[in-house]
Amino acid sequence: MSHATITSGPRQGYADDASRDLILDLHRRMVRIRVFEESAGKLVESGDMPGFLHLYVGQEAVAAGVMSVLSDADQITSTHRGHGHAIAKGAEFRPMFAELYGKTTGYCKGRGGSMHIVDMNRGMLGANAIVGGGIPIAVGAAFASQYRGDGGVAASFFGDGATNIGAFHEAANMAAVWDLPMLFVCENNGYAEFTSQERHMKLTDIAERAASYGMPGVIVDGMDALAVRAVALEAVERARRGGGPTFIEAKTYRYFDHQGIKGMRIPYRDPAEVEAWKSRDCIRLIEAIGVERGLVSADEFGQVWAQTHADVTDGIDFARTSPDPDPADILDDVYTV
Amino acid sequence: MTTRELTYVKAFNEGMHQAMAADPDVFLIGEDVAGYGGVFHMFDGLLTEFGEARVKDTPIAEQAIIGLGVGAAARGLRPVCDLMFMDFIGVAMDQIFNQAAKMKYMFGGAVSVPLTITTAGGAGMSAAAQHSQSLEAWLAHVPGLKVAMPASPYDAKGLIVGAIRDDNPTIVVLNKRMLGLKGPVPEELYSIPMGVANVVHTGSDVTIIAMGRMVVEADKAVTALGEQGISAELIDPRTVQPLDIDTIITSVKKTNRVLIVHEAVEFGGIGAEISSQIQERVFDYLDAPVARLAAPFAPVPYAPVLENAYVPDAPRIAAAVRRLVERS
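Calculation criteria
- Residues numbered from 1 in each chain as written.
- Chains lettered and ligands numbered in written order.
- Predicted model: local features only at pLDDT ≥ 70, side-chain atom pairs only at ≥ 80, totals over all residues.
- Helix = DSSP H or I, 4+ residues; strand = E, 2+ residues; numbered from the N terminus.
- Rg over C-alpha atoms; globule rule 2.2 N^0.38 Å.
- Buried ≥ 20, exposed ≤ 12 C-beta atoms within 10 Å, placed from the backbone.
- Contact = placed C-beta atoms within 7 Å.
- Pairing = 2+ DSSP bridges.
- Axes fitted to C-alpha atoms, helices over the stretch in contact; angles between N-to-C directions.
- Right-handed = clockwise from strand over helix to strand, strands pointing away.
- Nonpolar A, V, L, I, M, F, W, Y, C, P; charged D, E, K, R; others polar.
- Core = buried A, V, L, I, M, F, W, Y, C linked by C-beta atoms within 7 Å.
- Domains from an automatic or database assignment.
- Parallel < 35°, antiparallel > 145°, perpendicular 65-115°, else oblique.
- Left-handed = near helix turned anticlockwise from the far one by under 90°.
- Expected span 1.5 Å × (residues − 1).

Visitor: Hey, could you run me through the overall build of chain B in this one?
Guide: Each helix and strand in chain B was counted, giving 12 helices and 14 strands. Taking 20 Å as the expected radius of gyration for a compact globule of 328 residues, we find that chain B reaches 19 Å, a close match to that expectation. Counting over 328 residues, chain B shows a buried share of 56%. Residue pairs in contact within chain B that sit at least 24 positions apart in sequence constitute 81% of those at least 6 positions apart.

Visitor: I would appreciate a short explanation of the sheet that holds strand S8 (residues 246-251) of chain A in the present structure.
Guide: Hydrogen bonds between backbone atoms are what pair the strands of a sheet, whose relative direction is either parallel or antiparallel. Residues and elements named next belong to chain A. Reading across from one edge, S1-S7-S8-S4-S3-S2 is the order of the 6 strands in this open sheet, with parallel pairing throughout. Strand pairing shows two members of the sheet lacking a second neighbour, strand S1 (6-8) and strand S2 (75-77), which therefore form its edges. Recorded for the sheet is a direction-independent mean angle of 20 degrees between the axes of neighbouring strands. In this sheet, strand S7 (residues 217-221) lies alongside S1 in parallel orientation, the contact comprising 3 bridges. In the strand pairing of S7, Thr7 is matched with Val218. Sheet contacts for helix H2 (residues 60-67): strand S3 (154-159), strand S4 (182-188) and S8; angle to S4, the most-contacted strand, approximately 165 degrees. Lying on the sheet, helix H5 (residues 134-148) is in contact with S2, S3 and S4; it crosses S3 at an angle near 170 degrees.

Visitor: Explain the pairing of S7(A) here, please?
Guide: Both faces of the sheet carry side chains from a regular strand, because those side chains alternate between them. All names here are of chain A. Counting buried positions along S7 yields 5 of 5 residues, so the element is predominantly enclosed. Side chains Gly217, Ile219 and Asp221 project from S7 onto one buried face, and the interleaved Val218 and Val220 project onto a second face that is buried too. As defined by bridge partners, S7 adjoins S8 across 5 bridges and the pair is classed as parallel. Note that in S8 the partner of Gly217 across the bridge is Phe247. Taken together, S7, helix H9 (residues 225-240) and S8 form a β-α-β motif whose crossover is right-handed.

Visitor: Honestly, the sheet that holds strand S10 (residues 206-210) of chain B in this entry has me stumped. Any pointers?
Guide: Residues and elements named next belong to chain B. In space, the 5 strands of this open sheet follow the order S9-S11-S10-S13-S14, with mixed pairing throughout. Edge strands, defined here as strands with exactly one partner in the open sheet, are strand S9 (198-201) and strand S14 (291-295). Neighbouring strand axes in the sheet, compared pairwise and without regard to direction, differ in orientation by 25 degrees on average. As defined by bridge partners, S9 adjoins strand S11 (residues 232-236) across 3 bridges and the pair is classed as antiparallel. Bridge pairing in S11 places His201 opposite Leu234. Packed onto the sheet, helix H8 (residues 214-227) meets S9, S10, S11 and strand S13 (258-265) and runs at close to 170 degrees relative to S11. In this fold helix H10 (residues 270-282) packs onto S10, S13 and S14, with an angle of close to 155 degrees to the strand it touches most, S13.

Visitor: Hey, could you run me through the environment of B:Ile66 in this one?
Guide: Residues and elements named next belong to chain B. Inspection of the secondary structure assignment puts Ile66 in helix H3 (residues 62-74). With 246 residues separating them in the primary sequence, Ile66 and Pro312 have C-alpha atoms 32 Å apart. Discounting residues that sit within four places of it in the chain, Ile66 has contacts with Cys81, Ala92, Gln95, Ile96, Ala100 and Ile117.

Visitor: Is there a simple way to think about the interface of chain B and chain A in this case?
Guide: Often, the extent of an interface is quoted as the loss of accessible area upon association of its parts. In this assembly, 34 residues from chain B lie in contact with 33 residues from chain A. Sorting the residues of the side of chain B that touches chain A by element identifies H3, helix H4 (93-100) and helix H5 (103-106) of chain B as the ones contributing at least two each. No other element matches H3(B), which puts 9 residues into the side of chain B that touches chain A. Partitioning the side of chain B that touches chain A into residue classes produces 17 nonpolar, 13 polar and 4 charged.

Visitor: Explain the nonpolar core to me, please; I cannot follow it from the model alone.
Guide: As a rule of thumb, nonpolar side chains are buried together in soluble globular proteins. Judged by nonpolar contacts, the single largest core of 213 residues is most densely connected at A:Val66, A:Val139, A:Met182, A:Leu183, A:Ile248, B:Ile208 and B:Val321. The dominant element in this core, judged by the number of residues it contributes, is H9(A), at 10 residues. Here this core spans two domains, since at least three of its residues come from each of domain 1 (5-184) and domain 2 (198-326) of chain B. Sequence-distant contacts of A:Met182, defined by excluding residues within four places in its chain, comprise A:Ala138, A:Val139, A:Ala142, A:Val153, A:Ala154, A:Ala175, A:Ala239 and A:Pro245.

Visitor: Please explain the packing of H5(A) against helix H6 (residues 166-177) of chain A as it appears in this structure.
Guide: In helix packing, the relevant descriptors are the interaxial angle and the interaxial distance, both defined with respect to the helix axes. Residue and element names in this part refer to chain A. As a packed pair, H5 and H6 sit with axes 8 Å apart at the nearest point and diverge in direction by 20 degrees. Between H5 and H6, the angle is such that the two are roughly parallel. In this structure, the crossing between H5 and H6 has a hand that is left-handed. Of the residues in H6, those in contact with Ile135, Pro136, Val139 and Ala142 of H5 are Ala167, Phe168, Glu170, Ala171, Met174 and Ala175. Residues of the contact of H5 with H6, tallied by class, amount to 9 nonpolar, no polar and 1 charged.

Visitor: Would you take a moment to explain the domain arrangement of chain B for this structure?
Guide: All names here are of chain B. Domain boundaries assigned for chain B yield domain 1 (5-184) and domain 2 (198-326). For domain 1 versus domain 2, the separation of C-alpha centres amounts to 26 Å. Facing 27 residues of domain 1, the contacting portion of domain 2 comprises 24 residues. Where the side of domain 1 that touches domain 2 is concerned, the elements lending two or more residues are helix H6 (136-140), strand S6 (146-148), helix H7 (153-165) and strand S7 (170-175).

Visitor: Would you explain the packing of H6(A) against H3(B) in this entry?
Guide: Packing of H6(A) against H3(B) brings their axes to within 8 Å, and their N-to-C directions diverge by 70 degrees. If you check the angle between H6(A) and H3(B), you find them roughly perpendicular. Only B:Gln63, B:Ala64, B:Gly67 and B:Leu68 of H3(B) make contact with H6(A), whose side of the interface consists of A:Gly166, A:Ala167, A:Glu170, A:Ala171 and A:Met174. Its residues assigned to classes, the contact of H6(A) with H3(B) shows 5 nonpolar, 3 polar and 1 charged.

Visitor: Any chance you could explain the environment of A:Asp25 here in plain terms?
Guide: Residue and element names in this part refer to chain A. Looking at the element boundaries, Asp25 is found in helix H1 (residues 20-45). We classify Asp25 as partly exposed; it has 16 C-beta atoms within 10 Å. Residues Asp25 and Asp333 lie 308 residues apart in sequence; the distance between their C-alpha atoms is 36 Å.

Visitor: What's the story with H6(A) in this structure? I'm lost.
Guide: The periodicity of an α-helix, 3.6 residues per turn, causes residues three or four positions apart to be oriented the same way. Its 12 residues give H6(A) an end-to-end C-alpha distance of 17 Å, which sits within 8% of 16 Å, the value for a rise of 1.5 Å per residue. Burial of H6(A) is extensive: 9 of the 12 residues sit out of reach of the surface. Taken together, the buried positions of H6(A) are occupied by A:Ala167, A:Phe168, A:Glu170, A:Ala171, A:Ala172, A:Asn173, A:Met174, A:Ala175 and A:Ala176. On its buried face, H6(A) sits against H5, S3 and S4 of chain A together with H3 and H4 of chain B. A positive backbone phi angle near 50 degrees is found at A:Asp179, which sits one or two residues after H6(A).

Visitor: Quick question: what am I supposed to make of the environment of B:Ala319 here?
Guide: Its place among the elements puts B:Ala319 in helix H12 (residues 314-326). Between the alpha carbons of B:Ala319 and B:Ala221 there is a distance of 8.8 Å; along the sequence they are 98 residues apart.

Visitor: Looking at this model, I keep getting lost on unusual backbone geometry. Mind explaining?
Guide: When glycine is set aside, most residues are seen to have a negative phi, and most peptide bonds are trans. Residue and element names in this part refer to chain B. The linkage connecting Gln241 with the following residue, Pro242, adopts the cis geometry, with an omega of 0 degrees. Here Pro242 is to be found in the loop between strand S12 (239-241) and helix H9 (245-255). A positive phi angle, close to 60 degrees, is found at His41, a residue other than glycine. Turning to its location among the elements, His41 is positioned in the loop between strand S2 (26-30) and helix H2 (46-50). Positioned with a positive phi, Ala128 is a non-glycine residue whose angle comes to about 70 degrees.

So, in structure tokens, the structure goes:
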């Protein structure tokens with residue numbers, strides 16, 4: 001039997017030794033998510049692209065921080081709000097935009113769309129449109145690594161709302177009792193769709209739920225990529241040593257609506273609350289650290305933005321000019337034959 | 001040399017042993033499958049032979065059991081996840097029909113899910129409404145899943161091996177009342193592929209299509225009917241998804257009369273699908289409407305007298321066949 005502890009944030013001085021390379025790495029991952037999401041949101045709202053999008057803007061530090069300590073061999077499962085996880089894990093813009101446009105060149109050949117981006121070469125085991133649905137699957141990926149002894153870990157990303165669903169609790173208990181190499185990454189953005197946290201659970205700190213499974217729980221500032229990275233690194237090292245899973249609660253915020261940029265315009269959030277979170281923007285924060293410490297110049301950060309905009313334009317052009325799927329192939333891949 | 005006989009459950013167990021010995025990627029998880037060997041002793045001896053890393057007792061957590069299997073299968077292993085009673089699939093249904101079934105398709109073919117789910121269905125033990133159902137039509141309705149219903153010891157072994165070797169999520173539904181049934185089972189490892197029906201008896205007057213334990217009851221009925229001069233052909237589809245409709249159609253063209261028998265409730269059962277496909281393809285060959293014999297539209301009752309009335313049996317199958325033959 002174990003007695004788990006809840007801790008708050010990474011160790012003191014976690015950001016002191018951040019290198020130029022690390023800052024640029026985290027920054028690039030976050031900017032790529034931000035520009036992709038803002039572009040995709042506009043394309044859907046203009047009617048150019050089908051489907052509907054759950055945009056990740058605001059939460060980039062969580063995906064970037066965790067993914068910076070994972071390799072391609074490590075597996076993740078994601079959510080309906082999954083573009084950020086895929087991009088931070090290394091997914092490319094061309095097949096991502098192509099998938100959103102429903103083209104054969106997309107990650108899922110146009111079969112999955114926004115909520116099902118997969119990239120097996122990058123350890124992206126799929127985004128999942130059932131809240132909590134990906135969590136037990138990540139447990140399976142972690143089990144496969146333990147079974148084979150390959151040293152891999154699995155991370156499952158999910159929101160505050162998902163911690164109320166049965167799949168989360170079953171998965172957390174099983175991962176804990178079998179000491180599986182896994183990270184439970186709860187991105188607490190304060191809202192389950194349009195229902196605020198205080199209306200959907202009694203807890204303030206969701207990390208407290210970890211204790212009931214005998215699993216360490218860590219609360220971290222989800223707007224600070226260096227802080228997220230620090231706690232994720234500790235959790236991954238423990239998992240690789242056979243020390244079992246960790247629950248990370250990253251307190252964060254989505255800038256846009258549950259779905260789309262403007263969404264359904266339901267006034268469920270105070271505009272002052274939105275602005276308060278935006279004032280602590282994750283990308284501005286890391287740019288400030290880089291510039292203040294003299295590690296990265298403002299011009300260099302600007303080049304990352306410019307290059308990313310160019311990459312996004314290239315991805316959209318690729319998607320638009322890619323072929324549509326052939327309805328004659330509609331039965332392909334229902335089964336493995 | 002005569003083939004040795006094994007019980008249904010021992011034949012299944014032998015298939016598990018041989019499939020696990022043949023492939024180190026095969027592992028088994030479920031509630032009390034390791035130390036206890038499964039509540040029906042389906043998994044006896046596996047822990048001893050293969051050890052705790054490959055044969056694991058789980059918490060009572062059906063979503064996590066199946067979800068773990070989905071994730072491990074997507075990573076290339078061949079999990080066998082046991083759900084004990086078929087009624088429990090409801091607890092795990094999201095992982096079965098939204099995850100396991102769809103991953104291949106919605107990810108554009110990037111992932112295969114060679115997952116096997118074992119479970120025990122069927123009524124007749126006074127186990128009542130939550131431990132007795134036959135829910136194969138639910139599963140067969142979901143693109144991406146395969147569903148096997150072994151109806152003999154030979155098939156119990158061959159279909160579990162076939163399911164484990166299949167690259168798709170496959171549910172193997174054993175029948176609780178058949179566990180002690182004996183029949184010939186070869187000692188060597190063999191595999192029955194999904195989607196190949198078994199013509200249990202050949203006949204010329206009528207085709208009986210039966211699933212699971214109803215094959216055993218129909219078999220008795222065929223014998224009784226034979227004594228009365230009625231020649232019945234008995235087809236066991238073995239798997240309801242995929243369904244070997246061609247074997248059925250060939251038989252119907254010969255006999256011109258069809259009775260479909262299953263333990264599941266009649267409304268929306270597999271019999272409805274088979275009946276519809278028959279009339280679409282060989283309507284002109286039929287001498288009578290396709291008949292069905294199945295459970296009434298009620299949960300499975302507890303009292304033996306009610307349960308006996310609920311599940312079709314050999315005398316009622318024979319009577320239904322006689323009605324079919326007499327009307328045409």
